[in-house]
Amino acid sequence: MKTILFLSLALLAMQLRAQHGLQGEYYNGQNFERKVFTRVDPQINFSWRGRNPGPNMDNSYYSVRWTGKLHPPTTGVYQFSAKVDDGVRIWVGGKLIMDAWGLHDSGSFRGNVKLEGGKFYDLKIEYFNAMLE
């Protein structure tokens, strides 16, 4: 099994990278309420504890949606793992492979998907941060 590793919401997918990063759409609100900005993130490797992810962003209630393409070099089962403070969901090729959409305090999650080498797959990752009520 090949591993794609997330550390503090970190996508380290060097061998799968089919572009120069993922497009990140940044929103205020934990459910994509108000888009603030869009940028290309070379990798998903952030620790925003105590600060916001960008200009005009809320420090505690925000969400991000990253989209892009994966291009696996070989056929096999790939494992995605995430360590996040609050919610994360991941789709590969339109298939939901990780669904941890809730309030988590530094939770670790995994999802597996079989990919065919040389084929392009849509990738979508959603993340939110919120304070416990």
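Just so it is clear, the model here is predicted, and its values are computed rather than measured.

Conventions and cut-offs
- Residues numbered from 1 in each chain as written.
- Predicted model: local features only at pLDDT ≥ 70, side-chain atom pairs only at ≥ 80, totals over all residues.
- Heavy atoms only, no water.
- Helix = DSSP H or I, 4+ residues; strand = E, 2+ residues; numbered from the N terminus.
- Buried < 20%, exposed > 50% of the residue type's maximum accessible area, 1.4 Å probe, protein only.
- Contact = heavy atoms within 4.5 Å.
- Areas by Shrake-Rupley, 256 points an atom, 1.4 Å probe, with all protein chains shown as cover.
- Pairing = 2+ DSSP bridges.
- Core = buried A, V, L, I, M, F, W, Y, C linked by side-chain atoms within 4.5 Å.
- Salt bridge = Lys/Arg side-chain N within 4 Å of Asp/Glu carboxyl O.

J.: Mind showing me how you'd approach the overall build of the chain here?
T.: Along the chain, the regular secondary structure elements total 0 helices and 11 strands. Moving toward the C terminus, one meets the helices and strands of the chain in the order β-β-β-β-β-β-β-β-β-β-β. Sorting the 133 residues of the chain into buried and exposed places 47% on the buried side. Residue pairs at least 24 apart in sequence account for 67% of intrachain contacts in the chain once pairs closer than 6 positions are excluded. Carbon together with sulfur atoms contributes 48% to the accessible area of the chain, which is approximately 6,900 Å² in total.

J.: Please explain the environment of Met57 as it appears in this structure.
T.: Along the chain, Met57 falls in the loop between β5 (44–45) and β6 (62–70). When the C-alpha atoms of Met57 and Tyr26 are compared, they prove to be 8.1 Å apart, with 31 residues separating the residues in sequence. When sequence neighbours within four positions are dropped, the list of residues in contact with Met57 reads Tyr26, Tyr27, Asn28, Val36, Phe37, Asn52 and Tyr62.

J.: I tried to follow the pairing of strand β7 (residues 76–84) on my own but got confused; where do I start?
T.: Successive residues of a regular strand alternate their side chains across the two faces of the sheet. Where burial is concerned, most of β7 is hidden: 7 out of the 9 residues are buried. Where β7 and strand β10 (residues 107–115) come together, 9 bridges link them in antiparallel fashion. When the sheet's bridge partners are listed, Ser81 is paired in β10 with Arg110.

J.: What is the right way to look at unusual backbone geometry in this model?
T.: Leaving glycine out, the prevailing phi sign among residues is negative, and the prevailing peptide bond configuration is trans. Within the chain, Phe32 stands out as a residue other than glycine whose phi angle is a positive 60°. When you line up the elements, Phe32 lands in the loop between β3 (22–28) and β4 (34–41). Classification of Phe32 as buried rests on a relative accessible area of 15%. You will see that Asn56, though not glycine, has its phi angle at about 65°, which is positive. For Asn56, the position within the fold is in the loop between β5 and β6.

J.: What should I look at first to understand the nonpolar core in this one?
T.: Soluble globular proteins tend to bury their nonpolar side chains together. Counting residues in hydrophobic clusters, the biggest one holds 28 residues, and the most contacted among them are Trp66, Phe80, Val88, Ile90 and Val92. For this core, the secondary structure elements donating two or more residues are β3, β6, β7, β8 (87–92), β9 (95–100), β10 and β11 (121–129). Residues in contact with Val92, not counting those within four places in the same chain, are Leu70, Phe80, Ile97, Val113, Leu115, Tyr121, Asp122 and Leu123.

J.: Sorry if this is basic, but what is going on with the pattern of salt bridges here?
T.: For side chains of opposite charge, pairing can occur when their charged atoms come near one another. Using the criterion set out here, one finds 5 salt bridges in the structure. Salt-bridge contacts for Glu126 lead to Arg65; the nearest nitrogen and oxygen are separated by 2.7 Å. Of this pair, Glu126 sits in strand β11 while Arg65 sits in strand β6, and the two are 61 residues apart along the sequence. Grouping residues by exposure puts Glu126 and Arg65 together as buried. Close ionic contact of Lys69 with Asp122 constitutes a salt bridge, the shortest N to O distance being 2.3 Å. Highlighted residues: Lys69 in strand β6 and Asp122 in strand β11, separated in sequence by 53 residues. Judged by its relative accessible area of 45%, Asp122 falls in the partly exposed class.

Interpretation in functional terms is not warranted from these geometric data alone.
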